[in-house]
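Here is what each chain is made of, one letter per residue.
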Amino acid sequence: MTSGLWELVLKGIWTTIQLLFFSSLVAGAVSFVVGVARTHRLWIVRFLAGFYTEVFRGTSALIMIFWVYFVLPLAFGWQLVPMWAGTLALGLTYGAYGSEIVRGALNSVDPAQKEGGIALSFTPWQRMRLILLPQAVPEMIPPFSNLLIELLKGTALVSVIGMGDLTFSANLVRLALQQSAEIYTYILLIYFVIAFLLTRVMRSLEKKLKAGVGKAPQHGVGAHELKRAETTGVGGAVS
């Protein structure tokens, strides 16, 4: 490929990364707000959160992109640029899936922990902030990692509204060179590299968070030290 075509691909990669970043922020915020609402004591809050989740999980992300980009301007009289239309559509859609991750992780916390917070006269917000979230968040990381990879692959959908992401740029290069096999192979590898890097970052984050709540080895502690500690007891004396 010529330098001009490579520049087009690089611009597409940068656009995809930006879209992934912004839409993941929206999806993360929606996930926590709706997921926490799914565990609220008021039934109306749980109902509205559940309704949102079912609606967005039951609709196509592609159709949602079309709806935000083409229908919203008819209803409100303003047009979102492709970047923000894609960010909003993908964030709301994948946030619905993420809300179930949050709800499940919060419900998996030992009920005794919640009862302890009540016994200490903690407010619901204090129980959520000091007891539930520190234990639930590390359990959310593996499923959130999978969701982030799905979101990365979902960014390719914005090419249908003319956004110059990686997929859109690759199609332009393919048309210019008439080399479908080579171009699409390159694009597959690029998506794989981005997904692999995201996975490594999320695994590192998971280890740090679990170490913070005593669920993973601390830095510098090897497996043989852990095994010896389990067999000899905390103080090193034979049990």
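Refer to the preceding data block for the structure.
Quick caveat: nothing in here was measured; it's all calculated off a predicted structure. (Residues numbered from 1 in each chain as written. Predicted model: local features only at pLDDT ≥ 70, side-chain atom pairs only at ≥ 80, totals over all residues. Heavy atoms only, no water.)

K.L.:
Teacher, can you tell me more about unusual backbone geometry here?
P.N.:
Not every positive phi belongs to a glycine, and Gln-178 is a case in point at roughly 55°. Among the secondary structure elements, Gln-178 is positioned in the loop between α7 (166-177) and α8 (180-212). (Helix = DSSP H or I, 4+ residues; strand = E, 2+ residues; numbered from the N terminus.)

K.L.:
So what exactly am I meant to see when it comes to the side chain of Ser-159 here?
P.N.:
Within the secondary structure, Ser-159 is located in the loop between α6 (124-154) and α7. Exposure remark for Ser-159: the relative accessible area of 16% places this residue in the buried category. Polar contacts involving the side chain of Ser-159 include one to the main-chain carbonyl oxygen of Ala-156, which spans 2.8 Å. With near-sequence residues (within four places) excluded, Ser-159 lies in contact with Asp-165, Thr-167 and Phe-168. (Buried < 20%, exposed > 50% of the residue type's maximum accessible area, 1.4 Å probe, protein only. Polar contact = N/O pair within 3.5 Å; in protein donor to acceptor, adjacent residues only side chain to side chain. Contact = heavy atoms within 4.5 Å.)

K.L.:
Sorry, what's going on with helix α2 (residues 43-57) here?
P.N.:
Working note: α-helix, 3.6 residues per turn, so residues spaced by three or four point in the same direction. Between its first and last C-alpha, α2 extends 21 Å over 15 residues, near the 21 Å set by a 1.5 Å rise per residue. Every buried residue of α2 is listed here: Ala-49, Gly-50, Tyr-52, Thr-53 and Phe-56. One side of α2 carries all its buried residues, which in axial view fall inside an arc of 155°. Among the exposed residues of α2, those pointing more than 90 degrees away from its buried face are Trp-43 and Phe-51. (Expected span 1.5 Å × (residues − 1). Arc of directions from axis to C-beta.)

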